[in-house]
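# Topology and contacts: notes
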Amino acid sequence: MTQKYYCFTLILVLVLHVCAYSGESRRPFACDPANAGTRNLRFCKVSLPIHVRVQDLIGRLTLQEKIRLLVNNAAPVERLGVNGYEWWSEALHGVSNTGPGVMFGGAFPGATSFPQVITTAASFNASLWEEIGRVVSDEGRAMYNGGAAGLTFWSPNVNILRDPRWGRCQETPGEDPHLVAQYAVSYVKGLQGGGGHGNTRLKVAACCKHYTAYDLDDWNGFDRYHFNAKVSMQDLEDTYNVPFKACVVEGNVASVMCSYNQINGKPSCADTTLLRDTIRAQWHLNGYIVSDCDSVGVLFDQQHYTHFPEDAAAATIKAGLDLDCGPFLAIHTEQAVRTGKVSEMEINYALANTITVQMRLGMFDGPNGPYANLGPRDVCTPAHQQLALQAAREGMVLLKNLGRALPLSPQRHRTVAVIGPNSDATVTMIGNYAGVPCGYISPLQGIARYARTIHQQGCMGVACPGNQKFGLAEMAASHTDATVLVMGLDQSIEAEARDRISLLLPGHQQELISRVAMASKGPVVLVLMSGGPIDVTFAKNDPRVSAIIWAGYPGQAGGAAIADVLFGTANPGGKLPMTWYPQAYVAKVSMANMDMRADPARGYPGRTYRFYKGPTVFPFGAGFSYTRFSQRLVYAPTTLSVSALHSDLEGNSTTISTTMKKKAIRTIHTNCDSLDLNMHIDVKNIGDMDGTHTVLVFSTPPSGATFPEKQLVAFEKVHVVAGTQHRVKINMNACKHLSVADDYGIRRIFMGEHKILVGDDLKHSITFQSSLDIEV
């Protein structure tokens, strides 16, 4: 969003809330039974199909009324009894007041603040993600009923974590397309209540953003308002667009948000191929497309994409944009119509998409509905807060544990030095796009539940500009039974519109850690808060640093979760959802380079574990437990027959050899429903502590120069009691999981040996055989 527009809209919404908010309930958005003049209108009749009601309403609107509905702060149509509506609410990891649609206060002083997305993603627990979505939508509906929120939440962020310096790493589920896609589908289903196909009802309307190839905010002269992302069709298909397609096709999301940046020279929000042809025609979006805030204005004022503002308005509407977050369409669309650059019929089409979503939300059904009973008592409930604690526990990643230094013992570690700029953190724990939490438990408060604490901040904030207080921290460490250093980053280092330059800890944090570790008489545990990766090679290699835990931004209960993991009440089971690179990596890679694949000739090392082959601090999927697990493959197929429905002699990729061309079938030219693959894996807990284990299944396709070295194709989280085993059933599909994109962005299934890797050591092969020996 842009700060200019945010301030303008916030002032307007404050006025609207002061006028409308009663603290208990809001009057119906439309079709109020108390309004005798409108209650019998055809669009208010719940018994009619939604599309009939939508067309009836649109047919009653004047051109000026229609245009005022094309923007996020949609104006009321008082003569029809339709109130104004603010489309912009946020719920990235809890109901948030980042957008002007949400206002805390009165009966809703706060809402449950779950861990930041990158932390929750580390749990690799799809059922947890869906349950968080369900709770967030309960609270969102309750706040809507009380006049304190909207029902259209512009979340989740499903951009790929491509570069470790991106300030918004924290908002994403990580670097792997399959992981991000599964998170998106789970969270969207939780938010929307299962409403998807056709005109089924929605609990709230989710929005997957920012489409597409958006992951640079402000770095070294490049900013998101001017950046032209040069992306290959191959990378679009097998990386950047994967989560968005899953959102629409599998999650049935109600909205997609187009991004500020250009893609190959054309603004996302004015690209017919990306919007109308792909999201709408290919993926069959049942919902609306919205611009990122002010992005229609940006493509005219800053990118100079068109000569006249009405041309920009026309270009975006014709491309498939339905709603403008910003005032641009409200100001310039009428002129576009009068000059024949866009038709009123095209405006009607956009309105049909937005109003349909409102009707699926029940906003034209009067005061009744399946969620009308939700209210203040359904926000910040004990169960919701317990789920926030559970999510924080599951997201903790144990990266180092020398000599089983952890867990600490309340009997042996009676006094603990708690040191560092994040040691008593509250606001830092919730990251960005957060609201007002139900309350906070800081790391210091959490540890104090288990042991007597001696607290020294050590640094003045995470910037840690000097070492004036290091002596006090060293003294505390030398007089206690254990030391916990809570270090890392916060929003002053990484945030929206703030990309990082370095992967190292800021300021003198490294010096503080090393000096305290030298002085400590007991085990030293380093706890890191951050969204993006940090190069802590020094601590990884320092034998005086006994253990390292990555906590991400763990939400309102983060301090309690950290303490529970430190003292063994919770057994860590999180896995890193992104690669942690050494500082030397950023010297070789420009953030502006969108290529995923390595190019040794240019010295370009590639991105993410799928294509990067250089050294790492910690790899994707890293994470230990306090117990040990073994895995055994019980069942998996060894061959799979793939039949081509017909030959396809054109359009073969130039990067595929002649031999390989004859052994590759396009996914659209085979019966994908017949290509399911099942694997059964026994997971045994061979340690002495109950714990959770994540089964990570990777595949490597037959050799090809531009194919991933390996890619995640399935994962499953399982809890196993010590000394027992659990059978995990993995379901895969050859088209969805084992196909690869050629350089034209065409999905193909390659014949030959596909290698399957479960974890780090369990290997299997499946040979794909074609029924046709022709070039397809």
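These lines cover the structure that appears in this document, whether it is placed above or below. Treat the numbers as computed from the prediction; the structure is a model and nothing was measured. (Residues numbered from 1 in each chain as written. Predicted model: local features only at pLDDT ≥ 70, side-chain atom pairs only at ≥ 80, totals over all residues. Heavy atoms only, no water.)

Scanning the chain from terminus to terminus reveals 23 helices and 27 strands. Its C-alpha radius of gyration of 27 Å places the chain within 12% of the 28 Å reference for a compact globule of 776 residues. In terms of overall dimensions, the chain has a C-alpha envelope of 75 × 70 × 50 Å along the principal axes. Expressed as a percentage of its 776 residues, the buried residues of the chain come to 64%. Here the analysis covers contacts within the chain between residues at least 6 apart in sequence; of these, 79% occur between residues at least 24 apart. Looking at charge distribution, the chain has the averaged site of its 68 positive side-chain charges lying 4 Å from that of its 67 negative ones. (Helix = DSSP H or I, 4+ residues; strand = E, 2+ residues; numbered from the N terminus. Rg over C-alpha atoms; globule rule 2.2 N^0.38 Å. Buried < 20%, exposed > 50% of the residue type's maximum accessible area, 1.4 Å probe, protein only. Contact = heavy atoms within 4.5 Å. Lys, Arg positive; Asp, Glu negative; His and termini not counted. Charge placed at Lys NZ, Arg CZ, Asp CG, Glu CD.)

The subject of this paragraph is the environment of Ala 312. When you line up the elements, Ala 312 lands in helix 11 (residues 309-319). Given a relative accessible area of 0%, Ala 312 falls into the buried group. In the structure, Ala 312 is positioned 73 residues away from Thr 239 in sequence and 29 Å away in space, judged by C-alpha atoms.

To continue, consider the nonpolar core. Counting 211 residues, the largest nonpolar core has Phe 43, Trp 154, Phe 364, Leu 528, Val 536, Trp 550 and Trp 580 as the members making the most contacts within it. Among the elements that make up this core, the one with the highest residue count is helix 5 (residues 126-145) (eight residues). For Phe 364, the contacting residues outside a window of four places in its chain are Phe 29, Ala 30, Cys 31, Phe 43, Cys 44, Arg 53, Leu 57, Val 82, Ile 355, Gln 358 and Met 359. Listed in part, the 31 residues of the second largest apolar core include Ala 636, Val 642, Val 683 and Cys 735. (Core = buried A, V, L, I, M, F, W, Y, C linked by side-chain atoms within 4.5 Å.)

To continue, consider the packing of helix 5 against helix 6 (residues 177-192). The interhelical angle for the contact between helix 5 and helix 6, taken along N-to-C directions, is 35°, at an axis separation of 6 Å. The interaxial crossing formed by helix 5 with helix 6 has right-handed handedness. Counted together, Ala 126, Trp 129, Glu 130, Ile 132, Gly 133, Arg 134, Val 136 and Ser 137 of helix 5 and Leu 179, Gln 182, Tyr 183, Ser 186, Tyr 187, Lys 189, Gly 190 and Leu 191 of helix 6 form the full contact between these two elements. A per-class count over the contact of helix 5 with helix 6 returns eight nonpolar, five polar and three charged. (Axes fitted to C-alpha atoms, helices over the stretch in contact; angles between N-to-C directions. Left-handed = near helix turned anticlockwise from the far one by under 90°. Nonpolar A, V, L, I, M, F, W, Y, C, P; charged D, E, K, R; others polar.)

In this structure, Ala 517 sits in helix 17 (residues 509-519). On a C-alpha basis, the gap between Ala 517 and Asp 542 in space is 8.8 Å, while along the polypeptide they are 25 residues apart. When sequence neighbours within four positions are dropped, the list of residues in contact with Ala 517 reads Val 524, Asp 542, Arg 544 and Val 545.

Here we come to the sheet that holds strand 6 (residues 228-229). Read across the open sheet, the three strands follow the order 6-8-9; overall the sheet is mixed. Each edge of the open sheet carries a strand with a single partner, namely strand 6 and strand 9 (266-267). Sheet analysis places strand 6 next to strand 8 (residues 262-263), joined by two bridges and oriented parallel. Pairing of Asn 228 across the sheet is with Gln 262, part of strand 8. (Pairing = 2+ DSSP bridges.)

Our focus in this paragraph is the state of the cysteines. Evaluation of the coordinates by the stated rule reveals seven disulfides. Through a disulfide, Cys 208 is tied to Cys 247; the S-S separation comes to 2.0 Å. With the S-S bond torsion at -75°, the cross-link from Cys 208 to Cys 247 turns out left-handed. Of this pair, Cys 208 sits in strand 3 (residues 208-211) while Cys 247 sits in helix 8 (residues 242-249), and the two are 39 residues apart along the sequence. Here Cys 208 matches Cys 247 in class, with each residue buried. With its sulfur 1.9 Å from that of its partner, Cys 459 forms a disulfide with Cys 464. On the S-S bond that ties Cys 459 to Cys 464, the torsion sits near -50°, and the link is left-handed. Cys 459 gets classed as buried once you look at its relative accessible area, which sits at 0%. Judged by relative accessible area, Cys 464 falls into the buried class, the value being 0%. The thiol sulfur of Cys 169 is not disulfide-bonded, and the nearest other cysteine sulfur, from Cys 208, lies at 19 Å. For Cys 169, a relative accessible area of 0% puts it in the buried group. Cys 208 provides the cysteine sulfur closest to Cys 207, a residue in no disulfide bond, and the two sulfurs are 6.9 Å apart. (Disulfide = S-S within 2.5 Å.)

Applying the stated criterion across every chain yields a total of 37 salt bridges. Between Asp 235 and Arg 597 there is a salt bridge, with its nearest N and O atoms 2.5 Å apart. Highlighted residues: Asp 235 in helix 7 (residues 233-240) and Arg 597 in the loop between helix 20 (584-588) and helix 21 (608-611), separated in sequence by 362 residues. Each of the two residues, Asp 235 as well as Arg 597, counts as buried. (Salt bridge = Lys/Arg side-chain N within 4 Å of Asp/Glu carboxyl O.)

Attention shifts here to helix 14 (residues 382-395). Under the 1.5 Å per step criterion, the end-to-end length of helix 14 is 20 Å for 14 residues, consistent within 8% with the ideal 20 Å. Those residues of helix 14 lying buried are His 384, Leu 387, Ala 388, Leu 389, Ala 391, Ala 392, Glu 394 and Gly 395. Contacts made by the buried residues of helix 14 are with helix 4 (117-121), helix 5, strand 11 (397-401), strand 16 (547-550), helix 19 (558-566) and strand 22 (711-720). (Expected span 1.5 Å × (residues − 1).)

With that settled, the discussion passes to the environment of His 479. As for its position among the elements, His 479 is in the loop between helix 16 (470-478) and strand 14 (482-488). Residues His 479 and Met 591, spaced 112 residues apart in sequence, show a C-alpha to C-alpha distance of 45 Å. Setting aside residues up to four positions removed in sequence, His 479 forms contacts with Thr 415 and Lys 521. At a separation of 2.8 Å, a polar atom in the side chain of His 479 contacts the main-chain carbonyl oxygen of Met 475. (Polar contact = N/O pair within 3.5 Å; in protein donor to acceptor, adjacent residues only side chain to side chain.)

Side chains on a regular strand alternate between the two faces of the sheet. Burial along strand 10 (residues 288-291) is two-sided: Tyr 288 and Val 290 and Ile 289 and Ser 291, pointing in opposite directions, are all buried. In terms of strand pairing, strand 7 (residues 255-258) meets strand 10 through four bridges, oriented parallel. Bridge pairing in strand 10 links Cys 258 to Ser 291.

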